Amino acid sequence: MDLVEKGHIQEARTFFNSFREDHEMMHARDLQKLEGVLSPSHLEEMEFAHSLRQSKVKIKICQYSYELLLQFLHKTKLTTMLGIVNEHINFQVSPGQPSSISDDAEVVTLIGSSQDEATLINQKEIHWGLLEDSLEERLEKGGVLLSDSEKADGEIKEGELDENKKRSIEGAKQGMPMKKLKKDKAVNATAKTGRPEANTVSMAPRVKPELTLPVISTEVEKSILEDLRNRVQLSSVSLPSISFYTFINTHNGLNCSSISHDGSLVAGGFSDSSLKIWDMAKLGQDAVGSVLQGENGTTSSEQFLGSNGGKRPYTLFQGHSGPVYSATFSPLGDYLLSSSADSTIRLWSTKLNANLVCYKGHNYPVWDVQFSPVGHYFASASHDRTARIWSMDRIQPLRIMAGHLSDVDCVQWHANCNYIVTGSSDKTVRLWDVQSGECVRIFIGHRSMVLSLAMSPDGRYMASGDEDGAIMMWDLSSGRCVTPLMGHTSCVWTLAFSCEGSLLASGSADCTVKLWDVNTSTKVPRTEENKGGSTNRLRSLKTLATKSTPVYSLRFSRRNLLFAAGALSRSVDYSLH
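Computed from a predicted structure; not experimentally measured.

A closer look at the overall build of the chain
Within the chain, the secondary structure is distributed over 16 helices and 34 strands. Counting only residues that meet the buried cut, the chain has 54% of its 577 residues in that class. For the chain, long-range pairs separated by at least 24 residues make up 60% of all intrachain contacts whose partners lie at least 6 apart in sequence. In the structure as shown, the chain presents an accessible area of about 26100 Å², 52% of it carried by carbon and sulfur atoms.

Things to note about the side chain of serine 260
Its place among the elements puts serine 260 in the loop between β7 (254–259) and β8 (265–270). Given a relative accessible area of 1%, serine 260 falls into the buried group. Non-local contacts of serine 260, meaning those with residues more than four positions away in its chain, are made with Leu265, Phe329 and Arg555.

Quick look at the UniProt feature "repeat: WD" (unreviewed entry) in the chain
UniProt marks residues 247–280, 317–349, 359–400, 401–442, 443–484 and 485–526 with the feature "repeat: WD" (unreviewed entry), using the numbering shown here. Within residues 247–280, the helical portion is 3% and the strand portion 56%, while the C-alpha atoms at the span's ends are 13 Å from each other. Between the first and last C-alpha atoms of residues 317–349 the distance is 10 Å; the span itself is 0% helix and 61% strand.

Some points on the sheet that holds strand β24 (residues 439–444)
Strands sit in the order β21-β22-β23-β24 across an open sheet of four strands; the sheet is antiparallel. On the outer flanks of this sheet lie β21 (408–413) and β24, each paired with one strand and no other. The sheet shows a mean angle of 20 degrees between the axes of neighbouring strands, direction not considered. Pairing analysis gives five bridges linking β21 to strand β22 (residues 419–424), with the strands arranged antiparallel.

What to know about the sheet that holds strand β12 (residues 314–318)
The sheet built from four strands is open, its strands ordered β7-β8-β9-β12 with antiparallel pairing. Each having just a single partner strand, β7 and β12 make up the two edges of the open sheet. Strand-to-strand twist of the sheet, defined as the mean angle between neighbouring strand axes without regard to direction, takes the value 20 degrees. In the sheet, β7 pairs with β8 via five bridges, with the strands oriented antiparallel. Note on β8: the bridge partner recorded for cysteine 256 is glycine 269.

Structural notes on the environment of methionine 472
Relative to the assigned elements, methionine 472 resides in strand β27 (residues 471–475). Counting along the chain gives 19 residues from methionine 472 to leucine 453, while the straight-line C-alpha distance between them is 9.6 Å.

Some details on unusual backbone geometry
One non-glycine residue with positive phi stands out, namely lysine 427, at about 75 degrees. Structurally, lysine 427 is set in the loop between β22 and β23 (428–433). Phi at asparagine 560 takes a positive value of approximately 75 degrees, unusual for a residue other than glycine. Relative to the elements of secondary structure, asparagine 560 occurs in the loop between β33 (553–556) and β34 (562–567).

Some points on the nonpolar core
Ranked by size, the top nonpolar core spans 20 residues in total, and within it Tyr245, Phe247 and Trp278 carry the most contacts. Among the elements of the structure, β6 (242–247), β7, β8, α14 (280–286) and β34 are those that each provide at least two residues to this core. Ranked by the residues each element gives to this core, the list is headed by β34, at three residues. Counting 19 residues, the second largest nonpolar core, distinct from the first, contains Ala379, Met401, Cys417 and Val434.

Some points on the pairing of β24
Of all six residues in β24, six are buried, a share of seventy percent or more. Examined bridge by bridge, β23 and β24 share five bridges and lie antiparallel to one another. Bridge pairing links threonine 428 to isoleucine 444 in β24. In this antiparallel pair of consecutive strands, β23 and β24, the connection spans five residues, and glycine 437 shows a positive phi of 75 degrees.

Notes on the pattern of salt bridges
Per the stated rule, a full pass over the model turns up six salt bridges. Linking arginine 20 and glutamate 35 is a salt bridge whose minimum nitrogen-to-oxygen distance equals 2.8 Å. With arginine 20 in the loop between α2 (9–19) and α3 (24–35) and glutamate 35 in helix α3, the pair connects residues that are 15 residues apart, well separated along the chain. Taking the relative accessible area as the measure of exposure, glutamate 35 reaches 35% and is therefore partly exposed.

With respect to the pairing of strand β17 (residues 366–371)
Consecutive side chains along a regular strand alternate between the two faces of the sheet. Where burial is concerned, most of β17 is hidden: six out of the six residues are buried. The sheet contact formed by β17 and strand β18 (residues 377–382) spans five bridges and is antiparallel. Paired with valine 369 across the strands is serine 380, a residue of β18. Here β17 hands over to β18 after five residues, with glycine 375 in that stretch at a positive phi of 80 degrees.

With respect to the environment of leucine 561
Locating leucine 561 in the fold gives a position in the loop between β33 and β34. Judged by its relative accessible area of 8%, leucine 561 falls in the buried class. Measuring from C-alpha to C-alpha, the distance between leucine 561 and serine 243 comes to 7.7 Å, with 318 residues separating the pair along the chain.

Conventions and cut-offs
Residues numbered from 1 in each chain as written. Predicted model: local features only at pLDDT ≥ 70, side-chain atom pairs only at ≥ 80, totals over all residues. Heavy atoms only, no water. Helix = DSSP H or I, 4+ residues; strand = E, 2+ residues; numbered from the N terminus. Buried < 20%, exposed > 50% of the residue type's maximum accessible area, 1.4 Å probe, protein only. Contact = heavy atoms within 4.5 Å. Areas by Shrake-Rupley, 256 points an atom, 1.4 Å probe, with all protein chains shown as cover. UniProt positions renumbered as here; feature names shortened; annotations may be inferred. Pairing = 2+ DSSP bridges. Axes fitted to C-alpha atoms, helices over the stretch in contact; angles between N-to-C directions. Core = buried A, V, L, I, M, F, W, Y, C linked by side-chain atoms within 4.5 Å. Salt bridge = Lys/Arg side-chain N within 4 Å of Asp/Glu carboxyl O.

Below, the structure written as structure tokens:
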């Protein structure tokens, strides 16, 4: 870049081509960007080149190697080299012997601010506990319900769910035989009696909400409590049943999919700017579903979503003027949000089948939008390098989170709604305080753009998945990577924790769903991990391969049934947007 700036273009090209091979493995995308820098004016316009020249690269190195390097530079009197090292590299020297590069996620990273600033941010206080008086807590104490008279008058009605419909959805309509339903009931019964006392969710500390929470009606409360009572307890020896929804005949037009919390509705966002919703209860009556029996007893049922001629099997929502990149259902399934390349977010009613609001605020495509766990509030992530917090009743954002150096590709809420987390093309993940809009954690370690995020139900851990197929489990309080989970061979597009937090499900462009054991993943100390080499293989409990369907979205229902969705692809194409 210095050569380009001084106008030595040919020499810069020769230099670039001579050394690019050394960096292919770790920085392939960055090299592609730099290849386009052909004149001093390019340098000025290119944000990435600016950040490279102004930031230092952090390199972890052990004491022994560091001393060898310094001795070499001083003995050979390589002053130019020494100057470059001082100007552009920030060594983080660790005591002890050298260890393998593959064991450490944070070996080489580039951050906009200096490493000290990131360390300073990660020392800020955060309260990762769960909200006081949640429904789960109430159930633990004996399932005490509030009467209508005890509720506040100005409540935000979130719609009421039909219990019978819900039960039929989570069973028969997915093409599961009656035997399977009876077996599930037996499992439920044993789960209720043999539920371990020390549940990580119930042991989590409690915090007060920073946002004004919507009040939900008693009817809805009862329905959710019913689901919680019937929740199947999952663990490394008790894996979930999985229902996979396959979109067919999409002709590469499907960009995203979303599944409602009870699995009754599935939405797809398309390149032609349309949004389609399938009602599983209606689809179940005439759809061809196949039940796939997995090894060690887990059952996967598959539904095919496509055009079957005659009457349309879906509800069509039109309003966006560009490809739809993300969709998210409200916790009760009565609303749906969609985000698009047209830089807007739209709110739809699934009861009225109508567009209610168009939210304008971002200036560029909005890659992701997510409802908060309590509904009413939602967060968006955009190409304009910001994330924003919104509430359904206001057309302007409540907060703007700015700080990422590149696109914000994905966003997710913390279980207590006081924080959101964002993943970016700048390879970092950031945690933001919803009330102040401040960045309170920077998670550094991914080697490619971050595409998916999930928060553990106890609020303590976060998982993030990237373009290379790596998944990282982070401890929110320390800001450190607890463990990398390696196994996927392509982009990890979706992540989901089971309701009690013992399992993590990941879905990838490599056409597989993997189940990971969170308990062992978070308990293995880093020192042991380094001694044993790649021990994370042991933490992958199961891999479920689809025939030829990249996995777009995953969702654990409140009863711990795992739903997944993706579009059948004859020639699997790895790029979503």
